[in-house]
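Read off the chains here:
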Amino acid sequence: MGGTSRSQTISTKLQQIAEQACCYPDMVFTTLAQLIDVDFLREAYRRTRKSAAPGVDGVTAREYAENLEENLSDLHERLGSGRYIAPPVERAWIDEGTKKRGIGKPTFEDKIVQRAVVMLLGAIYEQDFHDFSHGFREGHSQHQALRELREQCTSMNIGWILDADVSGFFDNLDRGLLREFIKRRVNDGGILRLIGKWLNAGVLEGEILTYPEKGTPQGGVVSPMLSNIFLHYVLDEWFVRDVQPRMKGRCFLLRFADDFIIGCELEEDVRRIMEVLPKRFDRFGLAIHPEKTALVKFRKPGSRGELGKGNGTFDFLGFTHYWGKSRRGYWLIKRKTARRRLLRFTKHLWQWCRRYRHLPFGEQYRILCQKLRGYYQYYGIRGNFQVLAIVFQHTERAWRYWLSRRSNKGSINWEKFDTIRGTWPLPKPRIVHNI
């Protein structure tokens, strides 16, 4: 059977599971693990990103692919016999300006198995998840969430925003409660054992191996799915079932992973939610950060007799959202790169140019182009061109400054740098998303 035919067969199986989950919302699935055969693992391998760094075993995607069929057959045998052992997740740290963020690096083989389980869970839970949950879901994106945010605020005449922050969600998620939530839809021993193995595999940092009692392994393919399942029951279902029917005005919830905001038309509604939200999360072992959670007045200026701006701003998905006037004089919601994100990126560029100033021009140029295009791809939305221009100018300044310090031959003035950027022109700012 060809690769395309096998993929179509797997897709058909997943579609059948999705149809069952959609037609029978109370159905509990008990026979999913048996679907993970060699063909299913091969499709999971195809869907697994190959460019990530290897985990604790040091095996890269390219090395694993050299004996792919043999490796997948052996993996299937270990899964079927229960001999599969989830290896520890190697922890690395990323500098984010004033602090560092830890990320996990699972082994490539572990990613394949996690991807296979995510494919099965996704077929079921995609029928249950609400449309306002956008994090790490097929057909959803940050820009879709940003578009929805603007539409909801405008169409519902939203006047107040509850900008909430969950303290250390991924590190404090209660595994016992997570297991209970999963069993509401998936009570398959094989799947539950695999999830348990990943949660209890441990974290390797340097030569120190620890076994946290709470949280999910960051960097794991399965972690976003588990977090979405947990917050689906803790937040999303609760908001739709218990909160919205009790509000006097219109309101909405918008969530991307553990980052969410709630918008309300009336002040009394948003204050009621702000009062009960910490109690709701505390019930499930989580905490709403009291200092990072804010209530923001966000009404269209001049509405309901209000004069002037007098409105706050809030950050969501890397953008600061605020009311401003269009060129024609109309009030509308604008977005610009959040200050912390801008400072973090410009600092990263400066440090990169300093560290790699001795690389050949061509190599430096290629990587800087990648960084700028990646920045434009995310932050290139209407109304944010000025920030893109700042990033572009900063990149040129940083590049020229550290090229001047490659040797003792003196600095490179802008006239000389004009010759360099004439040969190696960095990509100019551009708007990618017309949101």
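A quick note: this is a predicted structure, and the numbers were derived from the prediction, not measured. (Residues numbered from 1 in each chain as written. Predicted model: local features only at pLDDT ≥ 70, side-chain atom pairs only at ≥ 80, totals over all residues. Heavy atoms only, no water.)

(A) Highlighting the packing of helix α12 (residues 339-355) against helix α13 (residues 361-379). Where α12 meets α13, the axes come as close as 12 Å, and the angle between the chain directions of the two elements is 175 degrees. It follows from the interaxial angle that α12 and α13 lie roughly antiparallel. Across the interface between the two elements, R341, L342, F345, H348, L349, W352 and C353 of α12 pack against Q364, I367, L368, K371, Y375 and Y379 of α13. Looking at the contact of α12 with α13 residue by residue, the classes come out as 9 nonpolar, 2 polar and 2 charged. (Axes fitted to C-alpha atoms, helices over the stretch in contact; angles between N-to-C directions. Helix = DSSP H or I, 4+ residues; strand = E, 2+ residues; numbered from the N terminus. Parallel < 35°, antiparallel > 145°, perpendicular 65-115°, else oblique. Contact = heavy atoms within 4.5 Å. Nonpolar A, V, L, I, M, F, W, Y, C, P; charged D, E, K, R; others polar.)

(B) The sheet that holds strand β3 (residues 160-164), seen in detail. Strand order in the open sheet formed by 4 strands is β6-β7-β3-β8, and the pairing between neighbours is antiparallel. Taken across any chain shown, the strands that pair with only one partner, and hence form the sheet edges, are β6 (251-256) and β8 (294-297). Taken pair by pair, the neighbouring strands of this sheet meet at an average axis angle of 20 degrees, ignoring direction. Summarising the sheet, β3 and strand β7 (residues 259-264) pair through 5 bridges and their orientation is antiparallel. Residue pairing across strands places D163 opposite I261, the latter belonging to β7. Along the sheet, helix α6 (residues 142-155) makes contact with β3, β6 and β7, crossing β6 at roughly 170 degrees. Those strands touched by helix α11 (residues 267-282) are β3, β7 and β8, and its axis lies near 15 degrees from that of β3. (Pairing = 2+ DSSP bridges.)

(C) Up close: unusual backbone geometry. The backbone of N157 shows a phi angle near 55 degrees, a positive value even though the residue is not glycine. In the Ramachandran plot, L317 falls in the positive-phi region, its phi being about 55 degrees despite a non-glycine side chain.

(D) Structural context of the nonpolar core. Judged by nonpolar contacts, the single largest core of 127 residues is most densely connected at F230, F260 and F281. The greatest single-element share of this core, amounting to 12 residues, is contributed by helix α5 (residues 108-125). (Core = buried A, V, L, I, M, F, W, Y, C linked by side-chain atoms within 4.5 Å. Buried < 20%, exposed > 50% of the residue type's maximum accessible area, 1.4 Å probe, protein only.)

(E) Focus on the packing of aromatic side chains. Applying the stated criterion across every chain, the model contains 22 aromatic pairs. For the ring pair F181 and Y233, a centre distance of 5.1 Å and an interplane angle of 20 degrees mean the geometry is stacked. Of the two residues, F181 is situated in helix α8 (residues 175-183) and Y233 in helix α10 (residues 223-243); the sequence distance between them amounts to 52 residues. Of the two residues, F181 and Y233, both sit in the buried class. Here the aromatic rings of F345 and Y375 are separated by 4.4 Å at their centres, their planes lie at 35 degrees, and the arrangement is tilted. Here Y375 lies in helix α13 and F345 lies in helix α12, a separation of 30 residues in the sequence. Taking relative accessible area as the criterion, Y375 reaches 4% and is therefore assigned buried. Counting every residue linked through ring pairs, the aromatic cluster contains F169, F170, F181, F230, Y233 and F284. In this structure, K50 is placed above the aromatic ring of Y45, and the distance from its NZ or CZ to the ring centre is 4.5 Å. A cation sits over an aromatic face here: R405 above Y401, 3.7 Å from the ring centre. (Phe/Tyr/Trp six-rings, centres within 6.5 Å; stacked < 30°, edge-to-face > 60°. Lys NZ or Arg CZ within 6 Å of the ring centre and 35° of its normal.)

(F) Examining the sheet that holds strand β9 (residues 314-316) more closely. Taking strand neighbours across the sheet as the criterion, the 3 strands line up as β9-β10-β11 in an open arrangement whose pairing is antiparallel. Of all the strands in the sheet, just β9 and β11 (331-337) have a single pairing partner and so form its edges. Across the sheet, the mean angle separating the axes of adjacent strands is 40 degrees when strand polarity is ignored. With 3 bridges joining them, β9 and strand β10 (residues 319-325) adopt antiparallel strand pairing. Residue pairing in the sheet places F316 in a bridge with F319 of β10. This element, α6, spans β9, β10 and β11 of the sheet and lies at about 155 degrees to β11.

(G) Spatial organisation of α12. For α12, with 17 residues, the first-to-last C-alpha span of 24 Å sits near the 24 Å given by 1.5 Å per residue. Along α12, the residues classified as buried are L342, F345, T346, L349, W352 and C353. All buried residues of α12 project into a common sector of 125 degrees when viewed along the axis, lining one side. Summarising the geometry of α12, the exposed residues directed more than 90 degrees from the buried face are R339, R340 and R355. Buried residues belonging to α12 abut β11, α13 and α14 (385-403). (Expected span 1.5 Å × (residues − 1). Arc of directions from axis to C-beta.)

(H) Region of the structure containing the side chain of R335. For R335, the position within the fold is in strand β11. When sequence neighbours within four positions are dropped, the list of residues in contact with R335 reads L146, R150, F319, T320, H321, Y322, I381, R382, G383, N384 and I435.

(I) Representation of the environment of R49 within the structure. Position of R49 among the secondary structure elements: in the loop between α2 (38-47) and α3 (61-66). When the C-alpha atoms of R49 and F108 are compared, they prove to be 9.1 Å apart, with 59 residues separating the residues in sequence. For R49, the side chain forms a polar contact with the side chain of S51, separated by 3.1 Å. (Polar contact = N/O pair within 3.5 Å; in protein donor to acceptor, adjacent residues only side chain to side chain.)

(J) How the structure looks around the state of the cysteines. Here the structure, examined in full by the defined rule, presents 0 disulfides. Unpaired in this structure, C353 has its nearest cysteine sulfur neighbour in C369, at a distance of 12 Å. According to the relative accessible area criterion, C353 is buried, its value standing at 1%. Overall, the relative accessible area of 2% leaves C369 in the buried class. (Disulfide = S-S within 2.5 Å.)

These results come straight from atomic positions and should not be treated as a statement about function.
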